[in-house]
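Residue strings, one per chain:
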Amino acid sequence: MKIAIVGLGYVGLPLSLQFARSGITVLGLDIDVAKVAAINESKSYIRHIDAAAIAEAVKEGWLSASTDFGRVNEVEAVIICVPTPLNKNREPDISYVLNTGRNLATHLQKGMLVVLESTTYPGTTDEDLRGVLEAGSGLKAGIDFHLAYSPEREDPGNPETKVALIPKVIAGHTPACLERAKALYGRAIKTLVPVSSCRVAEATKLTENIFRSVNIALINELKIIYSAMGIDVWEVIEAAKTKPFGFMPFYPGPGLGGHCIPIDPFYLAWKAREYVQSTRLIELAGEINTAMPYFVFQQAVTALNAVRKSVNGSNILVLGLAYKADVDDDRESPGYVLMDLFQERGARVSYYDPYLPAIKLKREHPHWAGSKSVAWDAPTIKGFDLVVIATRHKNVNYKELADWASFIVDTRNAMASIQTRPGQVFKA
């Protein structure tokens, strides 16, 4: 069996490797020439994916990559794993999904299976994607070809998660489409969770991420309230999570990043308006999380004021630019918002991140492209008036940070177990 996976990023590449390990020949398709070349040369461009795994799959002939969408006619199934960002008006942008569908449509053959994995609003698969596939191919979904949706469940940076062991929600446009999708994913994934429709599967993915967004917003709001009361929210969480029922720990931070949690609530809120429904709690959570970099910035202002310094003219270091610990993924990172805030107020801003030696050009914050991570040594770190910990990477030596830095704003409780000087650390 041979399949194609479109989009070789943080979802598509690990999924490709899992299918390859399961004895299915995978053709990876991407418009990024660099990614295609890297795979064919057995190189990894994602930190937590071992190049050896790619090399083995390529050597054995289970995995190859191409930019030629015409090769879709070689495969039995196509899985779409492309971005679904927000546009400048914070509305869903499914153009990558639709453009992929148009490219596939001209090569679609009878009996082929098309599966969408990209996170999106209910109705995308059976309305929008189906529409472009049918229009471009002259074939009918559920009759001439199979159409399905199965939301990705990736947890980058977590060594305990394995693609094969994460239960896979799956749905088909028709019962026959579902059975065809189950037959494919059953080859590579241990547990399948079939649901009644593509819309239910799309809503499942949104619900998973909105659940996190709302709970993180709650703990972020509590952080601000408890801070005003002189209470450490991190100590509160540690105590509360000893309760063996009715509580699940979530942790505060400088804002939300990544491709899911900061974006998915807007997808549902936008779609809900079509049905004259409001999403008050969801949108409020989004507002709280979006405001967190500004709270952190104000804490930084307070820290500098304590030593009679202003933001204007200060040297500021943002420590950690990835959106979460121990990954090299900086999509939607609140670190960029912090850097913008400091720079707009006249500060000289730098960053340090061991996983992001240089900032690549991207849709968001393109003005930082080309900036490089500073060196991690005493003379460099001592040269900053303030260090803001935005991401808690495990391989950062926080004891050295305490020895070298003048002042630290800690948004991740990274300095909790480190001996520091009185007044050196401000929690935010």
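Residues numbered from 1 in each chain as written. Predicted model: local features only at pLDDT ≥ 70, side-chain atom pairs only at ≥ 80, totals over all residues. Heavy atoms only, no water.

**Examining a nonpolar patch on the surface**
Put simply, the test is: Patch rule: a residue counts if its relative accessible area is over 30% and it has no salt bridge; like charges are joined within 9 Å, and nonpolar side chains (Val, Leu, Ile, Met, Phe, Trp, Tyr) within 5 Å. All accessibility values rest on the Shrake-Rupley procedure with a 1.4 Å probe; residue burial counts only the protein chains present in the view. Think of a salt bridge as a Lys or Arg side-chain nitrogen and an Asp or Glu carboxyl oxygen that are within 4 Å of each other. Working definition: helices are DSSP H or I runs of at least four residues, strands are E runs of at least two. Numbering for both runs from the N terminus.
On the surface, Ile-225, Met-229, Ile-231 and Val-236 cluster together into a nonpolar patch covering about 320 Å² of accessible area. With respect to the element layout, Ile-231 can be found in the loop between α7 (198-228) and α8 (233-240).

**Some details on the environment of Trp-376**
What counts, and what does not: Contacts are assigned to residue pairs with any non-hydrogen atoms lying within 4.5 Å of each other.
Position of Trp-376 relative to the elements: it lies in the loop between β10 (348-352) and α12 (378-382). The residues touching Trp-376, leaving out its near neighbours within four places in the chain, are Leu-319, Tyr-352, Ile-381, Val-396, Asn-397, Glu-400, Leu-401 and Trp-404.

**Quick word on helix α9 (residues 264-274)**
To keep it simple, the criterion reads: Relative accessibility under 20% of the residue-type maximum defines a buried residue, over 50% an exposed one, and the middle range a partly exposed one, all with a 1.4 Å probe and only protein chains included.
Listed in full, the buried residues belonging to α9 are Asp-264, Pro-265, Tyr-267, Ala-269, Lys-271 and Ala-272. Structurally, α9 contributes buried residues whose contacts are with α5 (124-137), α7 and α10 (280-305). A positive phi of about 55° marks Val-276, the residue just after α9.

**Re the pairing of β10**
Heads up, the rule is: Being paired, for any two strands, means DSSP has found at least two bridges between them. Orient the strands so they point away from the viewer; a crossover is then right-handed if the path from the first strand over the helix to the second runs clockwise.
Where strand β9 (residues 315-319) lies against β10, 5 bridges are found, and the strand directions are parallel. For Leu-319, the partnering residue across the bridge sits in β10 and is Tyr-352. Note on the crossover from β9 through helix α11 (residues 334-344) to β10: the handedness is right-handed.

**Points about the sheet that holds β10**
Paired through backbone hydrogen bonds, the strands of a sheet run either parallel or antiparallel to each other. Short version of the rule: Angular values range over 0 to 180 degrees, each being the angle between N-to-C directions of two axes fitted as lines to C-alpha atoms, with helices fitted over their stretch in contact.
Reading across from one edge, β10-β9-β11-β12-β13 is the order of the 5 strands in this open sheet, with parallel pairing throughout. The open sheet has two edge strands with one neighbour each: β10 and β13 (425-427). Neighbouring strand axes in the sheet, compared pairwise and without regard to direction, differ in orientation by 20° on average.

**Description of the pattern of salt bridges**
Summed over the entire model, instances satisfying the criterion amount to 20 salt bridges. In this structure, Glu-127 and Arg-199 form a salt bridge, with 2.4 Å as the shortest nitrogen-oxygen distance. Taken together, the residues Glu-127 in helix α5 and Arg-199 in helix α7 connect sequence positions 72 residues apart. Look at Arg-199 and you get partly exposed, because its relative accessible area is 27%.

**Some details on the sheet that holds strand β5 (residues 113-116)**
Strand order in the open sheet formed by 8 strands is β3-β2-β1-β4-β5-β6-β7-β8, and the pairing between neighbours is mixed. Of all the strands in the sheet, the pair left with one neighbour each is β3 (63-66) and β8 (192-194). On average, each strand axis in the sheet is inclined to that of its neighbour by 25°, with strand direction left out of account. The pairing of strand β4 (residues 77-80) with β5 spans 4 bridges and is classified as parallel. Residue pairing across strands places Ile-79 opposite Val-115, the latter belonging to β5. Together, β1 (2-6), β4 and β5 form the strand contacts of helix α4 (residues 95-105), whose direction differs from that of β4 by roughly 165°.

**Focus on the nonpolar core**
The test is simple: For this analysis, a nonpolar core means a set of buried residues of the types Ala, Val, Leu, Ile, Met, Phe, Trp, Tyr and Cys, connected via side-chain atoms within 4.5 Å.
Judged by nonpolar contacts, the single largest core of 37 residues is most densely connected at Val-78, Ile-80, Leu-104, Leu-129 and Leu-133. Ranked by the residues each element gives to this core, the list is headed by α7, at 4 residues. If you look at the next biggest cluster of nonpolar residues, it comprises 33 residues, including Phe-19, Val-36, Cys-81 and Leu-178.

**Considerations on the packing of aromatic side chains**
Keep this limit in mind: Two rings from Phe, Tyr or Trp (for Trp, the six-membered ring) form a pair when their centres are within 6.5 Å of each other. A pair whose planes differ by under 30 degrees is stacked, one over 60 is edge-to-face, and the rest are tilted. Note on criteria: charge over ring means Lys NZ or Arg CZ within 6 Å of the ring centre, with the direction from the centre no more than 35 degrees off the ring normal.
Applying the stated criterion across every chain yields a total of 8 aromatic pairs. Each ring, one from Phe-19 and one from Tyr-185, has its centre 5.7 Å from the other, and the planes form 55°; the classification is tilted. One end of the pair, Phe-19, is in helix α1 (residues 12-21); the other, Tyr-185, is in helix α6 (residues 175-185), and 166 residues separate them in sequence. Through a chain of ring-to-ring contacts, the aromatic side chains of Tyr-121, Tyr-267 and Trp-270 assemble into a single cluster. Here Arg-47 stacks its cationic end above the ring of Tyr-355, 4.1 Å away from the centre of that ring. Here Arg-90 stacks its cationic end above the ring of Phe-266, 4.9 Å away from the centre of that ring.

**Some details on the environment of Val-195**
Take Val-195: it is sitting in the loop between β8 and α7. In this structure the C-alpha to C-alpha distance between Val-195 and Arg-180, which are 15 residues apart in sequence, comes to 14 Å. In contact with Val-195, other than residues within four places in its own chain, are Val-169, Ile-170, Ala-171, Leu-178, Val-200 and Ala-201.

**Things to note about the packing of α1 against helix α3 (residues 51-59)**
The test is simple: Working definition: roughly parallel below 35 degrees, roughly antiparallel above 145 degrees, roughly perpendicular at 65 to 115 degrees, and oblique for all remaining angles. It is the rotation of the near helix from the far one that decides the hand of a crossing: anticlockwise by less than a right angle makes it left-handed, clockwise makes it right-handed. As a working rule, the residues Ala, Val, Leu, Ile, Met, Phe, Trp, Tyr, Cys and Pro are called nonpolar, Asp, Glu, Lys and Arg charged, and the rest polar, with Gly in that last group.
Remark: α1 packs on α3, axes separated minimally by 10 Å, with the N-to-C direction vectors making an angle of 50°. Put simply, α1 runs oblique to α3. For the crossing formed where α1 meets α3, the hand is left-handed. Judged by residue contacts, Leu-13, Leu-17, Ala-20 and Arg-21 of α1 engage Ala-53, Ile-54 and Ala-57 from α3. A class-by-class count of the residues in the contact of α1 with α3 yields 6 nonpolar, no polar and 1 charged.

**Considerations on unusual backbone geometry**
Even without being glycine, Arg-90 reaches a positive phi, approximately 60°. Positionally, Arg-90 belongs in the loop between β4 and α4. Positive phi outside glycine occurs at Glu-332, with the angle close to 60°. Tracing the backbone shows Glu-332 in the loop between β9 and α11.

Don't take any of this as a statement about function, it's just geometry.
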